[in-house]
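An overview of the molecular structure
For reference, the chains in residue letters:
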Amino acid sequence: MRWKLRALLATLALAASACGGDDPPPEPEPSGDPCEPHGHIHREPEGDWCHCNKGYLAAQDGLSCVADPNYVPSEGFDFGDDGEHACWHVESGPFVTVTASTTRDPRVDDFHTYYTVKLREVDGQYTGTFSYKAFASGNFVVYLSTPDVPVTLVETAVQKTVTPAGTKATGDFCSGLKHMVGYELTDRVQYTLTLGPTSLTELGMVIEHLQ
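Residues numbered from 1 in each chain as written. Predicted model: local features only at pLDDT ≥ 70, side-chain atom pairs only at ≥ 80, totals over all residues. Heavy atoms only, no water.

1. What to know about the overall build of the chain
- Looking only at helices and strands, the chain features two helices and 15 strands.
- The long-range share in the chain, meaning contacts at least 24 apart out of those at least 6 apart in sequence, stands at 65%.
- As displayed, the chain offers around 12,800 Å² of accessible surface, 53% of which is attributable to carbon and sulfur atoms. (Helix = DSSP H or I, 4+ residues; strand = E, 2+ residues; numbered from the N terminus. Contact = heavy atoms within 4.5 Å. Areas by Shrake-Rupley, 256 points an atom, 1.4 Å probe, with all protein chains shown as cover.)

2. Brief notes about the pattern of salt bridges
- According to the stated counting rule, one finds four salt bridges in the structure shown.
- Among the salt bridges present, the one from lysine 168 reaches aspartate 82, with a minimum N-O distance of 3.1 Å. One end of the pair, lysine 168, is in strand 12 (residues 166–169); the other, aspartate 82, is in the loop between strand 4 (65–67) and helix 2 (84–92), with 86 residues separating them in the sequence.
- The class of lysine 168 is partly exposed, set by a relative accessible area of 36%.
- By relative accessible area, which is 21% here, aspartate 82 ends up partly exposed. (Salt bridge = Lys/Arg side-chain N within 4 Å of Asp/Glu carboxyl O. Buried < 20%, exposed > 50% of the residue type's maximum accessible area, 1.4 Å probe, protein only.)

3. Examining unusual backbone geometry
- In the segment running from glycine 93 into proline 94, the intervening peptide bond is cis, with an omega of 0 degrees.
- As for its position among the elements, proline 94 is in the loop between helix 2 and strand 5 (95–99).
- Each neighbour pair has its own omega, and for glycine 196 with proline 197 the value is 10 degrees, a cis peptide bond.
- Along the polypeptide, proline 197 turns up in strand 14 (residues 190–198).
- Despite not being glycine, aspartate 82 has its phi angle at roughly 60 degrees, a positive value.

4. Thoughts on the sheet that holds strand 11 (residues 160–161)
- With antiparallel pairing, five strands are arranged side by side in an open sheet as 7-8-14-10-11. Edge strands, defined here as strands with exactly one partner in the open sheet, are strand 7 (120–122) and strand 11.
- Here strand 10 (residues 151–155) runs beside strand 11; their pairing, made up of two bridges, is antiparallel. Note on strand 11: the bridge partner recorded for glutamate 155 is lysine 160. (Pairing = 2+ DSSP bridges.)

5. Focus: the state of the cysteines
- This structure, assessed with the given rule, holds three disulfides.
- The disulfide partner of cysteine 35 is cysteine 50, and the gap between their sulfur atoms is 1.9 Å. With the S-S dihedral at roughly -85 degrees, the linkage between cysteine 35 and cysteine 50 falls on the left-handed side. Taken together, the residues span a long stretch of sequence, with cysteine 35 in the loop between helix 1 (2–18) and strand 1 (39–42) and cysteine 50 in strand 2 (residues 49–52) at a distance of 15 residues. (Disulfide = S-S within 2.5 Å.)

Set out below in structure tokens:
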């Protein structure tokens with residue numbers, strides 16, 4: 001009988017182990033991001049830094065996000081001169097042509113530049129993905145030659161889509177730029193800009209930081 005009792009106890013122990021017994025569930029692994037929950041870390045060769053959410057700024061050590069005491073929520077997006085300066089570049093340049101590729105994302109972050117953007121064909125439509133690195137923090141505007149093209153901006157490091165702060169038609173300053181998409185961007189951050197899909201094979205574009 002003693003061996004039967006031992007066998008019964010072993011069976012009960014095995015069943016308790018399979019069901020988890022009374023052990024608490026494992027603790028979730030920490031993310032290792034000191035900037036959370038009000039931002040996220042950028043780990044770069046020149047040093048780590050916090051990209052903080054709107055209304056927050058990096059602490060003195062640069063590795064946590066704290067409330068910005070001077071933050072005042074904005075009411076709408078200010079498009080500045082409604083494209084007058086951008087239209088000057090349509091006539092006066094400098095001019096750069098970029099062509100969408102499947103092997104790399106061409107850069108479109110030259111200062112005060114009119115880009116001719118050549119898109120690539122995908123399933124009977126045209127699209128293109130490009131690289132843009134912000135050189136300041138604040139309001140930026142993507143000026144396009146037509147309003148009929150989808151625009152998507154993603155923060156490359158975390159693959160987070162940046163929501164446009166506003167869209168609007170340009171002022172009547174030139175025929176080369178007709179549409180504005182406004183964004184609030186952060187200095188040193190790399191973004192991926194996707195245009196399309198569209199029936200157009202190429203577009204005119206200027207990206208400006210509003211001073």
